[in-house]
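Topology and contacts: notes
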Amino acid sequence: MSFDLAGQIVSTWGFGAIPGTAIRARAGDILEVAVRNDLPEDLSIHWHGIAIRNDMDGVHDLTQPPIQPGSAFTFRFAVPDPGTYWFHPHTGLQLDRGLYAPLIVDDPAEPLVFDHDETLVFDDWLDGLGRNPEQALVEARQRMSSMSGMGGMAGMGSADTGGGSATGMSMTSTLLDGDAGDVTYPLHLVNGRPPADRPTMTVASGDRVRLRLINAGSDTAYRVAVGGHRMTVTHADGFAVESVEVDTLVLGMGERYDVVVTARSGAWPIVAAAEGKGASAEAVLRTTDASASTAPPVGVTPVELAGQVLTYNDLRALSTVALPNAMTDRERDVALTGDMMSYNWGIDGRSFADHKPIDVKLGERVRLVLRNKTAMWHPMHLHGHTFRIGGRPDGPRKDTVNVLPGQNVIIDFDADNPGQWMMHCHNTYHLESGMATVVSYVR
Ligand code: C2O
Ligand code: CU
C-alpha cells in the first residue's frame with residue numbers, strides 16, 4: 001500500500017491503514033477476524049497480550065502454519081480480559097513495516113470514569129525512506145561489528161546508509177542504562193503521522209482523557225509526556241494498577257500503559273521522545289476554549305519529559321487482578337545473552353533455531369528469573385499469559401517487561417493456558433536474530 005508521511009509517499013505493507021483500524025471487543029466476546037494475505041510472502045498474526053487459545057496465537061510453524069501469499073485464515077478466539085492490546089505479524093521483520101493495529105477490549109463493568117477514550121500508537125519508521133527493514137538489519141550487524149572492532153568506540157568508518165547523523169554513532173540512554181537501540185529511524189510516528197503532520201485531539205477544558213499508549217516500534221523506547229499535565233497511570237499492559245501520578249513514563253517495544261489526564265485549558269504538546277535517539281513523535285491536546293492561534297511549536301520538549309519517571313516499583317496491581325498468593329512450584333533462571341560482535345542474540349546462549357524449551361506443567365506456579373547478561377536492554381514478552389513482576393504479592397501484571405543490562409527481573413505466572421508459547425525480546429531485530437525461546441507445557 002502507499003502511505004503518506006506528511007507529503008512524502010512511500011510504498012509499504014499495512015492492514016489497509018497505518019495503524020490498522022482498531023479492533024474493539026468486550027471482555028468475554030468471541031472474536032472472529034478474517035485475514036487475507038495479499039503480501040508476496042508468508043504472514044502470521046499474533047494477538048499481543050491476549051490469553052488466547054494456543055492454536056490461534058499466530059506464531060507460524062509453532063502454533064499454526066503461516067498464511068501463504070494469496071490465501072486466507074479466519075482467527076476465532078475468546079478475549080477473556082479487558083485492556084489495551086494490539087496485533088502484529090510474527091514473521092521476519094514485517095512488524096517494522098506498517099503491519100500493526102490496536103485491539104481494545106472494553107470492560108463491561110468499567111470502573112474508570114473518563115470523557116474521552118483515545119489510543120496513541122507510537123512507531124519508529126524507516127520503510128521506504130532510503131532503506132527497508134532487511135537493509136536495516138544488515139546495517140545493525142555491521143554497526144555492531146564496527147563498534148566492537150574499534151574497542152567500543154562509535155564506528156565512524158562504517159558504510160552505513162540512511163543519512164541520519166546519528167547513524168554509526170552510539171545511541172545511549174541513562175534510563176535504559178546504556179545502548180538505547182541498534183537502528184536509526186528517520187521518523188517517529190503517532191498513529192501513523194510524523195511531527196510535520198501531527199494529530200490533534202480536541203476536548204473540553206476539564207475533560208478527563210483516557211490515553212491508551214502503545215509502543216509498536218521495533219527498536220525504540222518512547223518516553224511520553226503531556227506538556228502542562230501530570231498523568232495518572234491506571235493500567236499496565238492492559239491490567240489495572242492502583243492509580244499513580246507521574247510526569248513521564250517509558251514504554252519499551254510491546255508495552256502499553258493507560259493514563260488519564262484532566263485537560264487544562266490550552267493547546268499542549270504530547271511528546272513521545274525516542275529514548276536516546278534525539279527525535280520524537282508528537283501530537284497535540286487542545287481544548288475547545290483555546291485560542292485558534294495557540295499551538296505548541298513542533299519539536300518542543302515539555303519539561304515533564306525530564307520530570308518524575310514511572311518505575312515498575314511504583315506499580316501495584318489492583319487487588320481484582322493481582323496474581324493469587326501461591327507457592328512457587330517451579331523456578332528457573334533464563335539468561336538473556338548476546339554477542340554484540342556477531343549480533344547473534346539468544347536465550348541461555350542459544351539462538352531460537354536451537355532453543356531448549358522451558359518446560360512447565362499445567363497448574364504450576366512458575367517463577368522465571370530473567371538475567372540480562374548483555375550490555376543492552378531487552379523488552380521481554382511472554383505469549384498467552386500475563387505475569388507478575390518483581391516477586392512481590394502486589395506486583396503489577398504485565399506481558400512485556402524491560403530488563404536493563406546486568407539486571408535480574410523476577411516474573412511469576414500460573415501455568416493455566418496449555419500450549420507452546422513464545423517468550424522473546426520484542427526488539428524486532430533481536431527476535432529475528434534469535435532472541436527467543438518457547439515456554440512449553442509438558443504432561
Ligand atoms: Cu508482540 Cu511475540 O509478540
Ligand atoms: Cu533484545
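None of the values given here were measured: they were computed from a predicted structure. (Residues numbered from 1 in each chain as written. Chains lettered and ligands numbered in written order. Predicted model: local features only at pLDDT ≥ 70, side-chain atom pairs only at ≥ 80, totals over all residues. Heavy atoms only, no water.)

**Things to note about the sheet that holds strand 23 (residues 346–347)**
Strands sit in the order 23-22-25-30-27-28 across an open sheet of six strands; the sheet is mixed. Every interior strand has two partners, whereas the edge strands, strand 23 and strand 28 (397–398), have only one. When strand 27 (residues 387–389) meets strand 30 (residues 408–414), the two strands line up antiparallel, connected through two bridges. The partner of Arg-388 across the bridge, within strand 30, is Asp-412. (Pairing = 2+ DSSP bridges. Helix = DSSP H or I, 4+ residues; strand = E, 2+ residues; numbered from the N terminus.)

**Quick notes on the packing of aromatic side chains**
Counted according to the given criterion, the structure contains eight aromatic pairs. For the pair Phe-73 and Phe-75, a centre-to-centre distance of 4.7 Å together with 75° between the ring planes defines the contact as edge-to-face. Here the aromatic rings of Phe-122 and Tyr-222 are separated by 5.8 Å at their centres, their planes lie at 40°, and the arrangement is tilted. Of this pair, Phe-122 sits in strand 9 (residues 116–125) while Tyr-222 sits in strand 15 (residues 222–226), and the two are 100 residues apart along the sequence. Assigned by exposure class, Phe-122 and Tyr-222 land together as buried. Of the aromatic side chains, those joined through ring pairs into one cluster are Phe-15, Trp-47, Phe-73, Phe-75, Phe-77 and Phe-87. (Phe/Tyr/Trp six-rings, centres within 6.5 Å; stacked < 30°, edge-to-face > 60°. Buried < 20%, exposed > 50% of the residue type's maximum accessible area, 1.4 Å probe, protein only.)

**Let's talk about the coordination of the copper ion (ligand 2)**
Those donors, His-378 (ND1), Cys-425 (SG) and His-430 (ND1), are the protein atoms that reach the copper ion (ligand 2), and they lie 2.0 to 2.1 Å from it. Donor residues for the copper ion (ligand 2) sit on one chain with the sequence pattern H-x46-C-x4-H. A residue pair is termed long-range when its members are at least 10 positions apart, and His-378 in strand 26 (residues 378–382) and Cys-425 in strand 31 (residues 420–425) qualify at 47 residues. Since its relative accessible area comes to 0%, His-378 is described here as buried. The exposure class of Cys-425 is buried, given its relative accessible area of 0%. (Donors = N, O, S within 2.8 Å, 3.2 Å for Na, K, Ca; no water.)

**Here we look at the nonpolar core**
Ranked by internal contacts, the top residues of the largest apolar core, which has 70 residues, are Trp-47, Phe-75, Leu-368, Leu-370 and Tyr-429. Dropping the residues within four chain positions of it, Phe-75 is found in contact with Leu-31, Glu-32, Val-33, Val-35, Ile-45, Trp-47, Met-56, Gly-58, Gln-64 and Ile-67. If you look at the next biggest cluster of nonpolar residues, it comprises 32 residues, including Phe-122, Leu-213, Val-246 and Leu-310. (Core = buried A, V, L, I, M, F, W, Y, C linked by side-chain atoms within 4.5 Å. Contact = heavy atoms within 4.5 Å.)

**Focus: the side chain of Arg-210**
Turning to its location among the elements, Arg-210 is positioned in strand 14 (residues 208–215). For Arg-210, a relative accessible area of 2% corresponds to the buried category. Side-chain polar atoms of Arg-210 contact the side chain of Glu-110, separated by 3.2 Å. Residues within four places of Arg-210 in sequence aside, it is in contact with Glu-110, Leu-112, Phe-114, His-116, Asp-117, Glu-118, His-235, Asp-258, Val-259 and Val-260. (Polar contact = N/O pair within 3.5 Å; in protein donor to acceptor, adjacent residues only side chain to side chain.)

Don't take any of this as a statement about function, it's just geometry.
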